[in-house]
Amino acid sequence: MVKNLLIELGLEELPAYVVTPSEKQLGEKMAAFLTDNRLAFEGIQTFSTPRRLAVRVTGLADAQTDLTEDFKGPAKKIALDSDGNFTKAAEGFVRGKGLTTADIRFEEIKGEEYVYVTKNEAGKPAKEVLAGVPEVLASLTFPVSMHWAKNSFEYIRPVHTLTVLLDDEALELDFLDIHSGRVSRGHRFLGQETEIASADSYEADLRSQFVIADAKERENMIVEQIKAIETEQNVQVEIDEGLLNEVLNLVEYPTAFMGSFDEKYLDVPEEVLVTSMKNHQRYFVVRDQAGKLMPNFISVRNGNAEHIENVVKGNEKVLVARLEDGEFFWREDQKLQIADLVAKLANVTFHEKIGSLAEHMNRAQVIAASLAKQAGLSAEETAAVDRASQIYKFDLLTGMVGEFDELQGIMGEKYALLAGEDKAVAAAIREHYLPNSAEGELPETKVGAVLALADKLDTLLSFFSVGLIPSGSNDPYALRRATQGIVRILDAFGWTIPMDELVDSLYALSFDSLTYDNKAEVISFIKARVDKMMGKTPKDIKEAVLAGSTFVVPEMLAAAEALVAASQTDGYKAAVESLSRVFNLAEKADATVAVDSSLFENDSEKALAEAISSLTLTGSVSEKLVKLFALSPVIDAFFDNTMVMADDEAVKANRLALLASLASKANTVATFNQLNTK
């Protein structure tokens, strides 16, 4: 007989960003708990609101499955003494399994007998197993925690209720001094405490108290309400996915409504208005059918539609205060001079161990000049890079960015254009922050991409130089994100800049403000980001590419992709094994020995030398692989007819040098003896 189990944890208001991950985590940990305890179930449903996390297990078995398990112990010669009695080793083994020596039997494996025991464990009733539910709740992890009252245990927020129902039966459990029952809390203002009749009536019981427990249902309600407003008002509403997720985790009973603001604020840059509405007030932006921003917004109330007009007025009042600030800073910032702001950056600390923002910019300017040359920028683009690198942080000292830090770079572009700067310079000021997330938007212009690379490279090298190197998951200065940005930009623009050579050249630079240090750690850190960019590429292919002699990001990523594709072809195994033999022996070669054709002793040796001499690895990585794989028959014939490790030292050294010359060329794609063909 199966039943449905409901577990609800009632808490103080959770931060919106924590709700969805915590709901998912609860479902996963509950499923793992039941599986580990051999308690079968049909499905898992999860629920969440800002004030609760819940899970419903459907089709839960009424008892654990019985367990029959065999255990292998010590060899018979260890388990028995000379008199045939069981030794302490045998007794300790069975005692650890909850059995006795009477349960021992001997089984033969490869000519030797070993102790074996079989443990039979009857399944416990589900109720007995579910006594462990508080441990599941305690195992949830959160980005922030707190403790309250007399509890020493830390949790995301104080716990108020615990509901545990097996069908309609309330189970007796305790968690953080809270005793379980069937009582749950309704909406903070519209509802009241209510009893949950059964695991199946959970949603309906809470709905009667103005709580929509199913996050997906709340999300659908919000979207449908917004679309109804769109139709009624003939407008377009931007339903940003991230904002939608945040809003649904702020409300338990959503009611969307439209408010307005004075049209005069539309003279302020759109980005300021959108930031005020989305980031600060969590409002959805409204546009007309042509896509033009309108003096309206959509908000979502945590409650029903009663007295909604008062709620609209309150939200309008709060927004206007924000827009007033934006209008003021927009007007006042235009009185400032870029040169004056740049001069003041010498007094703004980049990091106390590294120096000022001005010093950071000076280093980035030198790096940008080098990158512009290596990336093949035109004279005009190079000049734009140089000008942008002189001023690109100036907007950090404007009133607008001081109030709305999300607008750094964006306002820099606008103020630069107003000051008469070139469009390419202004765009680079905005783009140098990109990408601002792991999968974020990349710079579109070469000038912006070079400035972004320069800024991120100095950030990386500076922090590493003073010992602020990320360890484990700790990365307070977002250096992984910055380095991921470097890798993504290089790949997107297809710039074949060898990163090892670039880093070497940067470490050769001399600055009054800082001396770069910890170069090896920087190289490893960049390679780790390239590894991450390879995604789900098999480990052996990643390692083979990363160990290769090429450290050009686009080519490395292309090599990984090409090897993955090649690994699905029929000739891959044979070709890789041939090249692997070459690499393995090439490791024994003396680098000072040059190939001498007069020492060749057979046609296979000559054929391989000719093939290597004519091998030119140009074109795409896939084309290079085709050329390398085509050598497989020639390589195999060489090994079939040639003893590489000959008695004659000169002949042996010559053959090893020949193989090393091929390995050197092939290594520009990958270190083939690290590929797995089994």
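Conventions and cut-offs
Residues numbered from 1 in each chain as written. Predicted model: local features only at pLDDT ≥ 70, side-chain atom pairs only at ≥ 80, totals over all residues. Heavy atoms only, no water. UniProt positions renumbered as here; feature names shortened; annotations may be inferred. Helix = DSSP H or I, 4+ residues; strand = E, 2+ residues; numbered from the N terminus. Rg over C-alpha atoms; globule rule 2.2 N^0.38 Å. Buried < 20%, exposed > 50% of the residue type's maximum accessible area, 1.4 Å probe, protein only. Areas by Shrake-Rupley, 256 points an atom, 1.4 Å probe, with all protein chains shown as cover. Lys, Arg positive; Asp, Glu negative; His and termini not counted. Charge placed at Lys NZ, Arg CZ, Asp CG, Glu CD. Axes fitted to C-alpha atoms, helices over the stretch in contact; angles between N-to-C directions. Left-handed = near helix turned anticlockwise from the far one by under 90°. Contact = heavy atoms within 4.5 Å. Polar contact = N/O pair within 3.5 Å; in protein donor to acceptor, adjacent residues only side chain to side chain. Pairing = 2+ DSSP bridges. Arc of directions from axis to C-beta. Phe/Tyr/Trp six-rings, centres within 6.5 Å; stacked < 30°, edge-to-face > 60°. Domains from an automatic or database assignment. Buried area = accessible area lost by both parts, 1.4 Å probe. Salt bridge = Lys/Arg side-chain N within 4 Å of Asp/Glu carboxyl O. Nonpolar A, V, L, I, M, F, W, Y, C, P; charged D, E, K, R; others polar.

- The protein chain has the name Glycine--tRNA ligase beta subunit in an unreviewed UniProt entry, where Streptococcus hillyeri is given as its organism.
- The record in UniProt for the protein chain states the following under Subunit (unreviewed entry): "Tetramer of two alpha and two beta subunits."
- Annotation of the protein chain in UniProt includes, under Catalytic activity (unreviewed entry), the sentence "tRNA(Gly) + glycine + ATP = glycyl-tRNA(Gly) + AMP + diphosphate".

Here we look at the overall build of the protein chain
Right, on to step 1. Within the protein chain, the regular secondary structure consists of 27 helices and 18 strands.
Right, on to step 2. A globule of 678 residues ought to have a C-alpha radius of gyration of about 26 Å, yet the protein chain, at 34 Å, is considerably larger.
Right, on to step 3. Taking the principal axes of its C-alpha atoms as reference, the protein chain extends roughly 100 × 95 × 45 Å.
Right, on to step 4. When the 678 residues of the protein chain are sorted by exposure, 50% land in the buried category.
Right, on to step 5. Just so you have it, the protein chain exposes about 32,100 Å², and 48% of that area is on carbon and sulfur atoms.
Right, on to step 6. Where the 69 positive side-chain charges of the protein chain centre and where its 106 negative ones centre are 2 Å apart.

Section: the UniProt feature "domain: DALR anticodon binding" (unreviewed entry) in the protein chain
Right, on to step 1. Residues annotated by UniProt as "domain: DALR anticodon binding" (unreviewed entry) correspond here to residues 579-663.
Right, on to step 2. Overall, residues 579-663 shows 64% helix and 0% strand. The separation of its end C-alpha atoms is 8 Å.

Observations concerning the packing of helix α23 (residues 572-586) against helix α27 (residues 649-666)
In a packed pair of helices, the relevant descriptors are the angle between the two axes and the axis-to-axis distance.
Right, on to step 1. α27 packs onto α23 with a crossing angle of 120° between their chain directions and a minimal axis gap of 8 Å. α23 and α27 meet at a crossing whose hand is left-handed. Across the interface between the two elements, V582, F583, L585 and A586 of α23 pack against L656, L659, A660, L662, A663 and A666 of α27.

Some thoughts on the side chain of N296
Right, on to step 1. Along the chain, N296 turns up in strand β16 (residues 293-302).
Right, on to step 2. Relative accessible area serves as the criterion here: at 12%, N296 is assigned to the buried category.
Right, on to step 3. Of note is the side chain of N296, whose polar atom sits 3.3 Å from the backbone oxygen of G259.
Right, on to step 4. In this view, N296 contacts M258, G259, S260, F261, M277 and V286; residues no more than four positions away in its chain are not counted.

Concerning the packing of helix α17 (residues 446-465) against helix α19 (residues 499-507)
Right, on to step 1. Remark: α17 packs on α19, axes separated minimally by 12 Å, with the N-to-C direction vectors making an angle of 65°. The two elements α17 and α19 meet at a crossing, and its hand is right-handed. Two secondary-structure elements touch here, α17 through L457, L461 and S465 and α19 through M499, L502, L506 and Y507.

Notes on the pairing of β16
Right, on to step 1. A large share of β16 lies buried, amounting to seven of its 10 residues.
Right, on to step 2. In the sheet, strand β14 (residues 254-260) pairs with β16 via seven bridges, with the strands oriented antiparallel. Among the inter-strand pairings, T255 is bridged to a residue of β16, identified as R301.
Right, on to step 3. Here strand β15 (residues 284-287) runs beside β16; their pairing, made up of three bridges, is antiparallel. Of the residues in β16, the one forming a bridge with V285 is F297.

Quick word on helix α26 (residues 632-641)
Residues three or four positions apart in an α-helix share a direction because the helix packs 3.6 residues into each turn.
Right, on to step 1. Taken together, the buried positions of α26 are occupied by S632, I635, F638 and F639. Take α26 and look down its axis: the buried residues cluster within an arc of 125°, on one side only. The exposed set on the far side of α26, more than 90 degrees from its buried face, consists of P633 and D640.
Right, on to step 2. Contact partners of the buried residues in α26: α23, α24 (603-614), α25 (621-629) and α27.

Section: the side chain of H187
Right, on to step 1. In this fold, H187 is placed in the loop between β11 (183-184) and β12 (194-195).
Right, on to step 2. The exposure class of H187 is buried, given its relative accessible area of 2%.
Right, on to step 3. In terms of polar contacts, H187 uses its side chain to reach the backbone amide nitrogen of F189, at 3.0 Å.
Right, on to step 4. Not counting residues within four places of it along the chain, the set of residues in contact with H187 comprises R51, Q192, Q209, F210, V211, E252, Y253, N302 and G303.

Describing the packing of aromatic side chains
Right, on to step 1. According to the stated counting rule, one finds 18 aromatic pairs in the structure shown.
Right, on to step 2. Between F142 and Y155, the aromatic rings sit 5.0 Å apart at their centres with planes inclined by 75°, giving edge-to-face as the arrangement. Here F142 is found in the loop between α5 (133-138) and β7 (159-166), whereas its partner Y155 is found in the loop between α5 and β7, with 13 residues between them in sequence. For the pair formed by F142 and Y155, the shared burial category is buried.
Right, on to step 3. Between Y507 and Y516 the ring centres are 5.7 Å apart and the planes differ by 55°, which places this aromatic pair in the tilted class. For the pair Y507 and Y516, one class covers both residues: buried.
Right, on to step 4. Ring pairing ties together the aromatic residues F142, F153, Y155 and F175, which thus form one cluster.

Observations concerning unusual backbone geometry
Right, on to step 1. Cis rather than trans, the peptide bond between L434 and P435 has omega equal to -10°.
Right, on to step 2. Relative to the assigned elements, P435 resides in the loop between α16 (423-431) and α17.
Right, on to step 3. You will see that L176, though not glycine, has its phi angle at about 50°, which is positive.
Right, on to step 4. Of note, L176 is situated in the loop between β9 (174-175) and β10 (178-179).
Right, on to step 5. The phi dihedral of N518 is positive, around 60°, even though this residue is not glycine.

Structural notes on the sheet that holds β16
Right, on to step 1. Judged by pairing direction, the sheet is antiparallel, and its four strands sit side by side in the order β13-β15-β16-β14 without closing on themselves. At either margin of the open sheet sits one strand with a lone partner, and together these are β13 (236-237) and β14.
Right, on to step 2. Its contacts with the sheet place helix α7 (residues 215-233) against β13, β14, β15 and β16, and it is angled at close to 35° to β14.
Right, on to step 3. Those strands touched by helix α9 (residues 270-280) are β15 and β16, and its axis lies near 10° from that of β16.

So, the domain arrangement of the protein chain
Right, on to step 1. In terms of domain boundaries, the protein chain breaks down into domain 1 (2-64 + 125-208), domain 2 (67-121), domain 3 (215-332), domain 4 (339-534) and domain 5 (546-674).
Right, on to step 2. Roughly 1,100 Å² of surface becomes buried between domain 1 and domain 3 when both sides are summed, with 45% attributable to carbon and sulfur atoms.
Right, on to step 3. On the domain 1 side of the contact with domain 3, A16, P50 and H187 bury the most area, a combined 40% of that side's loss.
Right, on to step 4. For E252, the salt bridge is made with R51, and the minimal N-O distance between the two is 3.7 Å.
Right, on to step 5. Per-element tally for the side of domain 1 that touches domain 3: the top contributor is helix α1 (residues 16-36), with four residues.
Right, on to step 6. Each residue belonging to the side of domain 1 that touches domain 3 can be placed in one class, and the counts come to four nonpolar, five polar and six charged.

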